[in-house]
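What follows is each chain in one-letter form.
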Amino acid sequence: MATLLNPVLRRLRGLRRLPGLPRLAAEMPLRARSDGAVAGPLYSHHIPTSPLQKALLAAGSAAMALYDPYRHDMVAVLGETTGHRTLKVLRDRMRRDPEGAQILQERPRISTSTLDLGKLQSLPEGSLGREYLRFLDVNRVSPDTRAPTRFVDDEELAYVIQRYREVHDMLHTLLGMPTNILGEIVVKWFEAVQTGLPMCILGALFGPIQLSAQSLQVLVSELIPWAVQNGRRAPCVLNLYYERRWEQSLRALREELGITAPPVHIQGLA
Amino acid sequence: MAAPKSCALWSYCGRGWSRAMRGCQLLGLRSSWPGAPLSARLLSQEKRATETHFGFETVPEEEKGGKVYQVFESVAKKYDVMNDMMSLGIHRVWKDLLLWKMRPLPGTQLLDVAGGTGDIAFRFLNYVRSQHQSKQKRQLRAQQNLSWEEIAKKYQNEEDSLGGSRVVVCDINKEMLKVGKQKALAQGYRAGLAWVLGDAEELPFDDDKFDIYTIAFGIRNVTHIDQTLTLSPRLECDSAISAHCSQALQEAHRVLKPGGRFLCLEFSQVNNPLISRLYDLYSFQVIPVLGEVIAGDWKSYQYLVESIRRFPSQEEFKEMIEDAGFHKVTYESLTSGIVAIHSGFKL
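Residues numbered from 1 in each chain as written. Chains lettered and ligands numbered in written order. Predicted model: local features only at pLDDT ≥ 70, side-chain atom pairs only at ≥ 80, totals over all residues. Heavy atoms only, no water.

The name given to chain A in an unreviewed UniProt entry is Ubiquinone biosynthesis protein COQ4 homolog, mitochondrial, with Macaca nemestrina as the source organism. Looking at chain A in UniProt, the text filed under Sequence similarities (unreviewed entry) is "Belongs to the COQ4 family." Entered under Cofactor (unreviewed entry) in the UniProt record, the comment concerning chain A runs "Zn(2+)". (UniProt positions renumbered as here; feature names shortened; annotations may be inferred.)

Chemist: I tried to follow the overall build of chain B on my own but got confused; where do I start?
Modeler: Along the backbone of chain B there are 12 helices and 7 strands. Every one of the 347 residues in chain B was classed for burial, and the buried ones make up 53%. Pairs at least 24 residues apart make up 78% of the contacts formed inside chain B by residues separated by at least 6 positions. For chain B, the exposed area adds up to about 15600 Å²; of that, 54% sits on carbon and sulfur atoms. (Helix = DSSP H or I, 4+ residues; strand = E, 2+ residues; numbered from the N terminus. Buried < 20%, exposed > 50% of the residue type's maximum accessible area, 1.4 Å probe, protein only. Contact = heavy atoms within 4.5 Å. Areas by Shrake-Rupley, 256 points an atom, 1.4 Å probe, with all protein chains shown as cover.)

Chemist: Honestly, the environment of Ala191(B) in this entry has me stumped. Any pointers?
Modeler: Residues and elements named next belong to chain B. With respect to the helices and strands, Ala191 occurs in the loop between helix H7 (174-187) and strand E3 (193-197). The exposure class of Ala191 is partly exposed, given its relative accessible area of 40%. Residues Ala191 and Gly291, 100 residues apart in the sequence, show an inter-C-alpha distance of 35 Å. Setting aside anything within four residues of it in sequence, one finds Ala191 in contact with Leu125 and Leu162.

Chemist: Hey, could you run me through a positive patch on the surface in this one?
Modeler: Residues and elements named next belong to chain B. A surface patch of like charges, here positive, comprises Lys135, Lys137, Arg138 and Arg141. One can find Arg138 in helix H5 (residues 119-142). Arg138 gets classed as exposed once you look at its relative accessible area, which sits at 53%. (Patch = residues over 30% accessible without salt bridge, like charges linked within 9 Å, V, L, I, M, F, W, Y side chains within 5 Å. Salt bridge = Lys/Arg side-chain N within 4 Å of Asp/Glu carboxyl O. Lys, Arg positive; Asp, Glu negative; His and termini not counted. Charge placed at Lys NZ, Arg CZ, Asp CG, Glu CD.)

Chemist: Explain helix H8 (residues 155-175) of chain A here, please?
Modeler: Because each turn of an α-helix spans 3.6 residues, side chains separated by three or four positions in sequence point in the same direction. Residue and element names in this part refer to chain A. Along its 21 residues, H8 runs 30 Å from first to last C-alpha, staying within 8% of the 30 Å computed at 1.5 Å per residue. Among the 21 residues in H8, 21 count as buried, and that is most of the element. One side-chain oxygen of the residue at the start of H8 lies 2.8 Å from the amide nitrogen of Glu156, identifying that residue as Asp154. Downstream of H8 by one or two residues, Gly176 has phi in the positive range, about 70°. (Expected span 1.5 Å × (residues − 1). Polar contact = N/O pair within 3.5 Å; in protein donor to acceptor, adjacent residues only side chain to side chain.)

Chemist: It is not clear to me how the UniProt feature "binding site: Zn(2+)" (unreviewed entry) in chain A should be interpreted in this structure. Could you clarify?
Modeler: Residue and element names in this part refer to chain A. The positions UniProt marks with the feature "binding site: Zn(2+)" (unreviewed entry) are His168, Asp169, His172 and Glu184. A compact arrangement is adopted by the annotated residues: their sequence extent is 17 residues, whereas the largest C-alpha distance between any two is 10.2 Å. By the secondary structure assignment, His168 is in helix H8. For Asp169, the location among the structural elements is in helix H8. Residue classification places Asp169 among the buried residues on the basis of a relative accessible area of 3%. Asp169 has contacts with Tyr132, Phe135, Leu136, Pro143 and Arg146, leaving out every residue within four places of it along the chain.

Chemist: Explain the nonpolar core here, please?
Modeler: Generally speaking, soluble globular proteins have nonpolar side chains that are buried together. Ranked by size, the top nonpolar core spans 62 residues in total, and within it Leu87(A), Leu171(A), Leu174(A), Leu219(A), Leu238(A), Tyr242(A) and Trp246(A) carry the most contacts. Looking at this core, the elements that each hand over two or more residues are helix H4 (84-96), helix H5 (98-106), helix H7 (128-139), H8, helix H9 (181-195), helix H10 (198-206), helix H11 (213-233) and helix H12 (250-257) of chain A. Considering every element that reaches this core, the biggest residue donor is H8(A), with 11 residues. Residues in contact with Leu238(A), not counting those within four places in the same chain, are Leu90(A), Met94(A), Ile103(A), Val160(A), Arg163(A), Tyr164(A) and Val167(A). Within the second largest apolar cluster, 32 residues are counted, among which are Leu177(B), Ala184(B), Tyr279(B) and Val339(B). (Core = buried A, V, L, I, M, F, W, Y, C linked by side-chain atoms within 4.5 Å.)

Chemist: So what exactly am I meant to see when it comes to unusual backbone geometry here?
Modeler: Negative phi characterises most residues that are not glycine, and trans characterises most peptide bonds. All names here are of chain B. The phi angle at Leu88 is positive, at roughly 55°, despite the residue not being glycine. By the secondary structure assignment, Leu88 is in the loop between helix H3 (61-87) and helix H4 (90-102). Accessibility expressed as a relative area gives 65% for Leu88, which makes it exposed. We note that Asp208 has phi near 50°; this positive angle belongs to a residue other than glycine. Tracing the sequence through the fold places Asp208 in the loop between E3 and strand E4 (210-216). Using a relative accessible area of 39% as the deciding quantity, one classes Asp208 as partly exposed.

Chemist: Even after reading the chapter, I still don't get the packing of aromatic side chains, so can you show me in this structure?
Modeler: For any pair of aromatic rings, geometry is given as the distance between the ring centres together with the angle between the planes. Per the stated rule, a full pass over the model turns up 11 aromatic pairs over all chains. Ring centres of Trp94(B) and Phe267(B) lie 6.2 Å apart, and the angle between their planes is 90°; this geometry places the pair in the edge-to-face category. Placement of Trp94(B) in helix H4 and of Phe267(B) in strand E5 (residues 256-267) is noted, with a sequence separation of 173 residues between them. An aromatic cluster is built from Trp94(B), Phe217(B) and Phe267(B), whose rings are joined through pairwise contacts. One Lys or Arg, Arg244(A), reaches over the ring of Tyr241(A) and ends 4.1 Å from the middle of that ring. Of note, Arg103(B) hangs over the ring of Trp100(B), and the distance from its end group to the ring centre comes to 5.2 Å. (Phe/Tyr/Trp six-rings, centres within 6.5 Å; stacked < 30°, edge-to-face > 60°. Lys NZ or Arg CZ within 6 Å of the ring centre and 35° of its normal.)

Written out as structure tokens, the structure is:
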């Protein structure tokens with residue numbers, strides 16, 4: 001048992017030095033599981049699950065997310081339980097890119113505790129930081145509403161999906177999309193093309209189900225092609241160290257990524 | 001408001017945990033899971049409490065209390081749904097069997113402890129009412145030669161439709177009581193019902209008050225969860241469970257009239273090895289998933305199924321009841337021992 005735990009404990013000790021990660025998993029009591037799940041949590045909030053549980057969770061969360069669209073936690077769970085292979089691909093892509101590798105190394109987190117809101121406020125208009133803050137204010141969202149990862153059985157992949165979630169608001173800012181249902185669908189299409197996560201693909205395909213005919217028409221004819229085009233053109237958005245780019249002008253960043261202006265102003269729709 | 005995240009409290013362990021628990025107790029959120037069998041309210045309440053750190057909003061204290069309260073309310077509402085999903089509706093049969101075993105006579109004073117959402121109380125009222133109605137019918141049939149005045153008087157009498165029976169629902173949790181009251185209103189139960197906030201280990205009633213005391217899926221939870229939640233060795237847990245259980249049993253003995261009956265419906269040990277394997281598989285694989293999908297709370301239901309395994313067996317619990325001073329203690333296992341009804345008399 002000890003030999004099994006050694007590599008886990010070694011990595012956990014390594015985690016202690018990294019400022020990004022929350023409460024240390026090594027303090028968690030390890031318990032043996034007889035149902036085929038990983039023995040012991042690998043990071044805080046980790047809940048080891050057997051393959052059967054993952055399958056049930058994936059099915060249940062998909063059904064619940066469709067039934068009650070306000071259950072954002074179900075979308076998160078769906079992403080965690082279905083994304084293992086895709087997360088590996090994403091992680092490898094991050095490793096190959098210098099900026100992405102740095103992110104993996106340092107593991108920055110985006111939350112009210114890690115963001116210096118005063119500093120962001122003081123940045124010039126048009127900069128990424130200032131626009132991000134404006135996006136949060138206008139849409140009345142907070143970076144704290146992202147659920148911590150629980151069902152991914154690898155702590156590096158758990159970070160990757162956590163990063164993906166926290167970067168979601170950045171994507172809204174980059175694409176200029178509001179947080180209404182139409183804006184969310186457009187961002188989901190962009191993310192689906194960019195990351196290939198099954199949850200994004202499912203969300204992109206099933207999200208429009210509850211839209212009105214007019215919105216659907218605008219979506220299909222203009223917004224989706226635009227989102228897909230930009231998604232394919234832009235490099236992997238997870239490779240951007242946003243925390244170092246607050247002062248960068250949003251327009252310059254958009255040019256760098258090849259993101260064009262949205263074709264339709266969708267604030268009034270949906 | 002964003003949907004619940006996973007329990008931030010699980011990042012506390014050991015000492016930190018009990019610190020967090022004490023904080024929770026100040027809010028009056030102690031353990032005890034009344035009525036709804038498969039629910040871990042304290043954990044889910046605490047989870048909600050820490051989640052309601054409303055991001056950018058600076059929420060004044062009073063308003064925050066209100067928001068937290070609203071969150072708890074939604075959790076309490078999910079219990080009945082969770083019970084149905086987890087037991088596949090069989091919990092209704094179990095509760096019906098408990099009433100069957102009880103066979104209350106007219107004029108019974110029932111105390112239903114940990115009966116928050118009112119399942120047992122409503123069944124009791126139905127039973128008593130139908131008994132009273134059939135008694136009245138028999139009386140009418142026997143008195144065939146009544147004059148019209150006498151018959152009119154009988155109908156105008158507006159006598160008690162329950163025949164003097166009363167039920168008091170006692171629960172430690174306000175939200176569960178609230179849900180219970182709403183259900184009572186919705187289903188039309190008005191007379192003969194009282195709702196009391198109280199702790200099973202320290203009941204707010206005088207001695208020798210009730211004819212029947214029931215506790216359905218509640219006695220297992222009359223422990224301080226903070227003592228049993230951390231992975232302390234099994235012995236410590238068991239003794240903690242027994243200590244609080246005994247306290248509750250002694251209170252039950254105290255408030256019952258001489259000749260009164262104690263009835264307990266609780267999860268117990270399965271006696272059939274094949275069914276035990278299937279039951280374990282279902283409990284550990286499916287129930288936490290259901291908890292996550294329906295109530296957004298994996299950890300509480302994980303804890304729930306583990307705590308069921310730790311509760312004493314039918315025989316051991318029988319001995320505990322005898323130790324509390326009850327006589328003629330018997331038990332009946334239902335569904336191969338998944339649940340058991342224990343019965344004892346105060347003589």
